[in-house]
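A structural walkthrough
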Amino acid sequence: SSHIMWVLDRMNEAQDTALGLCISASPPAELARMIRRRDVSNVERLVFVANVGKNPDNSVYLSSMQRSGSHWVLITVELSDHPAILYCDSNRWNYPPDLLPVLSQYTQHFGLPILQQVSLSLMHTPTPIGYNHFCTGHCRNYPVQSCSNVCGLVVVVGSVIAALDQRLFSLLTGPRSGLH
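Residues numbered from 1 in each chain as written. Predicted model: local features only at pLDDT ≥ 70, side-chain atom pairs only at ≥ 80, totals over all residues. Heavy atoms only, no water.

Here's the deal with the nonpolar core
Rules: We define the nonpolar core as a collection of buried residues of types Ala, Val, Leu, Ile, Met, Phe, Trp, Tyr and Cys that are connected through side-chain atoms lying within 4.5 Å of one another. Only protein chains enter the accessibility calculation, which uses a 1.4 Å probe. A residue is then buried if its area is under 20% of the maximum for its type, exposed if over 50%, and partly exposed in between. Where helices and strands are cited, they refer to DSSP runs of H or I of at least four residues and of E of at least two residues respectively, numbered from the N terminus. Contacts are assigned to residue pairs that have any heavy atoms within 4.5 Å of one another.
In terms of nonpolar packing, the biggest core is built from 29 residues, with Phe48, Ile75 and Leu103 touching the most fellow members. Examining the composition of this core, we find that five residues originate from one element, helix 3 (residues 99-107), more than from any other. Excluding residues within four positions of it along the chain, Ile75 makes contact with Ile23, Leu46, Val47, Phe48, Ala50, Ile85, Leu86, Tyr87, Leu99 and Leu103. Counting 24 residues, the second largest nonpolar core, distinct from the first, contains Cys22, Val49, Leu86 and Ala163.

Thoughts on the pattern of salt bridges
This is how the line gets drawn: Here a salt bridge means any side-chain nitrogen of Lys or Arg lying within 4 Å of a carboxyl oxygen belonging to Asp or Glu.
Scanning the model with the defined rule gives four salt bridges in all. Note that Glu30 is salt-bridged to Arg33, the shortest N-O span being 3.0 Å. With a gap of three residues between them, Glu30 and Arg33 both fall in helix 2 (residues 28-37), about one helical turn apart. Given a relative accessible area of 22%, Glu30 falls into the partly exposed group. Where Glu30 meets Arg37, a salt bridge forms, and the shortest distance between an N and an O atom there is 3.8 Å. Several salt bridges converge on common partners, so that one network encompasses Glu30, Arg33 and Arg37.

A closer look at the pairing of strand 5 (residues 84-88)
Selection criterion: At least two bridges found by DSSP between two strands are what make those strands a pair.
Across the five residues of strand 5, four count as buried, placing the element largely inside the fold. Note that strand 4 (residues 71-78) and strand 5 share four bridges and pair antiparallel. Looking at the pairing, Ile75 lines up with Tyr87 of strand 5. Adjacent in sequence and paired antiparallel, strand 4 and strand 5 are bridged by five residues. When strand 5 meets strand 6 (residues 119-122), the two strands line up parallel, connected through four bridges. In the strand pairing of strand 6, Ile85 is matched with Leu120.

Next up, the structure:
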């Protein structure tokens, strides 16, 4: 995860409208310290990189110091009058059940203490391990990986796009073209 942290640090230095954080490496206390050192008044979006894992019953968990994961996902939180969460998973897994309480520990520093009422959009319909995924009209343009080792690259590129080019990120997370 050190290479991902390096990219997020460079991304944070290059602009001031998005703040990139790695959930497993940047605990909420680190965000509090970062806010004291940096002007965050222009931050419109939080860009999270998270490491997740999957249990045998197909439930997804956020990795922690006690339990590592095997897959990287991108999560964005819009800090606007109409906050929204995008859960970007190239492996088409569901989101972890503890995601909203964990994100709330970060968003409270920006005036969004509870995310239970915030819209959460998955980029693809969750697909259990061992099943093939076929995109439907509910899926977004976000990439789907066909192997098990590109999730980190997809997340790093997606994070930079989310921070530096909102128009392109909107296309990447928008409705799939050509599907009815």
